[in-house]
Amino acid sequence: NGGNKFYTLSEVAQYLSALFFDLRTIHFLCTGSEFYTYHELAQKLYEETEKFYDDLVETAIGYDSDVQPMYVLPGDWTFTPNNGDLSTYDETVPALLLNKLMKIYDVLENVQEYDSMVSSKLDGMKEFYDKEIYKLKQALK
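Residues numbered from 1 in each chain as written. Predicted model: local features only at pLDDT ≥ 70, side-chain atom pairs only at ≥ 80, totals over all residues. Heavy atoms only, no water.

Structural notes on the overall build of the chain
- The helix and strand inventory of the chain stands at 4 helices and 0 strands.
- In the chain, the succession of helices and strands from N to C terminus is α-α-α-α.
- At 15 Å, the chain has a C-alpha radius of gyration in line with the 14 Å of a compact globule built from 141 residues.
- Oriented by its inertia axes, the alpha-carbon framework of the chain measures out at about 45 × 30 × 25 Å.
- Within the chain, the proportion of its 141 residues that are buried is 43%.
- Taking all contacts inside the chain whose residues are at least 6 apart in sequence as the whole, residues at least 24 apart take part in 80%.
- Here the chain has roughly 7500 Å² of accessible surface; of this, 51% comes from carbon and sulfur atoms. (Helix = DSSP H or I, 4+ residues; strand = E, 2+ residues; numbered from the N terminus. Rg over C-alpha atoms; globule rule 2.2 N^0.38 Å. Buried < 20%, exposed > 50% of the residue type's maximum accessible area, 1.4 Å probe, protein only. Contact = heavy atoms within 4.5 Å. Areas by Shrake-Rupley, 256 points an atom, 1.4 Å probe, with all protein chains shown as cover.)

What follows is the structure, encoded as structure tokens:
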């Protein structure tokens, strides 16, 4: 994003919350030949994202006190429509997952400076999402 926007921990938590809700939507509403694969993947992703969110909120409270309620949506995030066609027959679901994970990765790459403990947490999150991004890119080849 060109380094023009650096996120606070509270803002990162908002993105993780939005991602969590999108992954739940995909988990419940995907259909098609690859249903089981992406139903399970979305569950794995939202469970891990929820852990990251929980840890990050607790960390954020220690650094800045503007933690928003879980349902507050970041300004540039669009929810996955829960009436959309989340078909696995084409590339809809893996492409949607890839797009969401690349967005969260970009946010995690652009967090304002905190101490090494925070950096370590963020690096762990980036490592997890990076592996999933790689797998989804392979699935879309």
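A word on a nonpolar patch on the surface
- Together, F21, L73 and F79 make up an exposed nonpolar region whose accessible area comes to about 230 Å².
- Relative to the assigned elements, L73 resides in the loop between α2 (35–63) and α3 (92–109).
- What makes L73 partly exposed here is its relative accessible area of 32%. (Patch = residues over 30% accessible without salt bridge, like charges linked within 9 Å, V, L, I, M, F, W, Y side chains within 5 Å. Salt bridge = Lys/Arg side-chain N within 4 Å of Asp/Glu carboxyl O.)

A word on the confidence of the model for the chain
- The share of residues in the chain with pLDDT of 70 or more is 94%, and the mean pLDDT across the chain is 89.
- When mean pLDDT is compared element by element in the chain, helix α4 (residues 116–139) scores highest at 97, while helix α1 (residues 9–29) scores lowest at 93. (pLDDT = per-residue confidence, 0-100.)

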